Amino acid sequence: MTTVRLTVAQALVRFLAAQYTERDGQRHRLIDACWGIFGHGNVAGLGQALVESGQGPDAPLPFHQGRNEQAMVHAAVGFARQRGRLSAQAVTTSIGPGATNLVTGAALATVNRLPVLLLPGDIFASRVPDPVLQQLEVPYAGDISVNDALRPVSRYFDRVLRPEALVPAALQAMRVLTDPAEVGAVTLALPQDVQTEAHDWPEEFFAERIWRVARPVPEPEVLALAAEAVRGARRPLLVAGGGIHHSEAEEALRAFADVTGVPVASTQAGKGSLAHDHPCDVGGIGHTGTAVADELARAADLVIGVGTRYTDFTTASGTLFPATARFLNLNVAAFDGHKLGALAVVADARAALEALTGALRGHRVSPDYEAEYRRGKQAWERTVAEAFAPHPLEEKARPSQTQVLGALDSVVGDEDVVINAAGSMPGDLHKLWRARSPRQYHVEYGYSCMGYEIPAAIGVRLAAPDRPVWALVGDGTYLMLPTEIVTAVQEGVNINIVLVQNHGYASIGGLSEQTGGERFGTAYRFRDAEGGYTGEVLPVDLAANAASLGMEVYRAATYDQLREALAAARASERPSCVHVETEQDPAVPAPAPQAWWDVAVAETSQRPAARRARAEYERQRAHQRRHL
């Protein structure tokens, strides 16, 4: 057996550079690049190995310098989502806080079923220098480090305690990263001394390896039952989830809708599966859904879930679908396929939709049903147009948040990508945004992580350098994690930020008011005489902050100025930020939620607001049901 002598870190870099995925005959680099911030836990190991392998975009494993470990994971996740999970990125950190900063990003990746490879440094395997700088000592166990915090948020975790253990660990890591049903964050914890140890590696370990991403097909018997269920339904509704995008099943979904006339509603992750102007597209579903989609859901006798995991926002916390509804789920993961007592077709979304469409040739929903949902779609489109439109009498006024989205809608093209994750904007986007292409709508609402948008925009732009990318953030989200602006400027990654300043956590403020919390602790204001936050607005200039980090900044005070600023940012060759303050009480507010969301309210209280909220909570909760 021919061997080559390398350190563990050098071997890992060489191994990662030789991994590929293949689906539908198309080959992709599996690990496209490595993000990193170096410290004593990885600088002499992986840092040295990356230098050894070469630098620049043509290096075996290109390197990106980050500013915050959580943000680096978000960038890698944005990249993987844009690439349809066929390519991923790695993230390396030192031990201690660098490693624990990965946890939030890892949870986001795993919740959203997106691949990212985490390579945190770890304490010495030899235990000779013990405790080392930043080591958390655990009195009851000598084999625990802070990296163990990554176990519950990783789909695969291993600690490489000896050089030869890298071989099975690395192979298992690649298996999980490329398995459509198992995918999520993968962690290989690397003790800092082991990273630098030399070993004689078999050359076969570094040979090009192709991981074929399968498209499992439905079992014929189950497919027949599924077709029978659809044929027997009078009011079927298809719920399109993120699995449609991951499987590149958008054309298969369009063909299914064209053949059957079944209306298609979408989750946050699945929005854009059908173009907004397709006759069968009825928009978002659930708490942040459209009126037409939610009314169809309330009367559905068969719900066809494709690539969805049925979060509480989709099901309106178990109040949306009628007790008599039956469920048919097409999902590559059996765990999700069997939810809500469904008939589970465990298969790739595209393969399953194609097979089901073939089995339903000659079948179509009734003309009356089609006419009904098309009338509802037209009515909602009028609601969207009204929410987006500027109002002549308010030309000098600040725009509302929905008018910000309307201005952006008027500027973007089909190729643009719009990214959001937290605050009130995901709800407005889900209800109102007109998705024009499959990957235009990029809202991370599985973990809904404040701070995701800016680094994710970098990852998306790296994955699709020819597509304009927009990160939509409120001031609360911006203040969470603006650090990667420096990365975008340094690397020349031309992203656009739309920074909406409304002086607080506006979304949670509204929820607080609805649930008896009286907007406590949600405004960005000075303290008042009683100690609350109702004083003057804080003199914070976030546009100046973005400029200080190197962005080209455009300030907009009115709708017309906003449109001009957005167009200028899109045309700019520099990373750009459009700053706008929104009207707190707009003349045309965003459409109200069309379905409920269960946020528990205090059962006892002496405050009238909480008592009123509890009464409404009890009224809504009475409609909850389990689908068995």
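Here, the structure is the one placed above.
Chemist: Can you help me understand the nonpolar core in this one?
Modeler: The tendency in soluble globular proteins is for nonpolar side chains to be buried as a group. Leu 238 and Leu 356 are the most contacted members of the largest nonpolar core, which totals 83 residues. By residue number, the principal contributor to this core is helix H15 (residues 367–388), which donates six residues. Counting 44 residues, the second-largest nonpolar core is a separate cluster that includes Trp 35, Val 73, Ala 75 and Ile 419.

Chemist: Can you walk me through the environment of Thr 582 in this structure?
Modeler: Within the secondary structure layout, Thr 582 lies in the loop between strand S23 (576–581) and helix H24 (608–621). We classify Thr 582 as buried; its relative accessible area is 4%.

Chemist: How should the side chain of Asp 122 be read in this particular structure?
Modeler: The topology assignment puts Asp 122 in strand S7 (residues 116–122). Asp 122 gets classed as buried once you look at its relative accessible area, which sits at 1%. At 3.0 Å, the side chain of Asp 122 forms a polar contact with the side chain of Asn 147. Sequence-distant contacts of Asp 122, that is, excluding residues within four places in its chain, are made with Ile 95, Ser 145, Asn 147, Arg 159, Ala 189, Leu 190, Pro 191 and Gln 192.

Chemist: Just checking my understanding: could you explain the sheet that holds strand S18 (residues 417–420) for this structure?
Modeler: Where strands meet in a sheet, backbone hydrogen bonds hold them as pairs that are either parallel or antiparallel. Strand order in this open sheet of six strands is S19-S18-S20-S21-S23-S22, and the pairing throughout is parallel. Only two strands of the sheet have a single partner each, and these edge strands are strand S19 (441–443) and strand S22 (552–556). Ignoring strand direction, the axes of neighbouring strands in this sheet form an average angle of 20 degrees. Where S22 lies against S23, five bridges are found, and the strand directions are parallel. The partner of Val 553 across the bridge, within S23, is Cys 577. Those strands touched by helix H17 (residues 425–432) are S18, S19, strand S20 (469–474) and strand S21 (496–501), and its axis lies near 150 degrees from that of S19.

Chemist: Looking at this structure, I do not really get the side chain of His 363. What am I missing?
Modeler: With respect to the helices and strands, the residue His 363 is situated in the loop between helix H14 (349–359) and H15. Classification of His 363 by relative accessible area gives buried; the value is 12%. Beyond its immediate stretch of four places on either side in the chain, His 363 contacts Val 230, Arg 231, Val 259 and Thr 260.

Chemist: For this particular structure, what's the right way to read the layout of surface pockets?
Modeler: Think of a ball as big as a water molecule: rolled over the atoms, this probe shows where empty space is left. Its boundaries defined by the atoms lining it, the second largest pocket holds a volume of some 280 Å³. Lining the second largest pocket are 13 residues, and of these Pro 57, Pro 62, Phe 63, His 64 and Leu 462 sit closest to its centre. At the level of elements, strand S4 (31–36) and strand S5 (63–65) are the ones that each hand at least two residues to the lining of the second largest pocket. With three residues, the single largest contributor to the lining of the second largest pocket is S5. Of the residues assigned to the lining of the second largest pocket, the class counts are six nonpolar, four polar and three charged.

Cut-offs and rules
- Residues numbered from 1 in each chain as written.
- Predicted model: local features only at pLDDT ≥ 70, side-chain atom pairs only at ≥ 80, totals over all residues.
- Heavy atoms only, no water.
- Core = buried A, V, L, I, M, F, W, Y, C linked by side-chain atoms within 4.5 Å.
- Buried < 20%, exposed > 50% of the residue type's maximum accessible area, 1.4 Å probe, protein only.
- Helix = DSSP H or I, 4+ residues; strand = E, 2+ residues; numbered from the N terminus.
- Polar contact = N/O pair within 3.5 Å; in protein donor to acceptor, adjacent residues only side chain to side chain.
- Contact = heavy atoms within 4.5 Å.
- Pairing = 2+ DSSP bridges.
- Axes fitted to C-alpha atoms, helices over the stretch in contact; angles between N-to-C directions.
- 1 Å grid on protein atoms, 1.4 Å probe; cavity = no way out; pocket = protein on both sides within 12 Å on 5 of 7 lines; lining within 4 Å.
- Points joined across faces, edges and corners; volume = space filled by probe spheres on them.
- Nonpolar A, V, L, I, M, F, W, Y, C, P; charged D, E, K, R; others polar.

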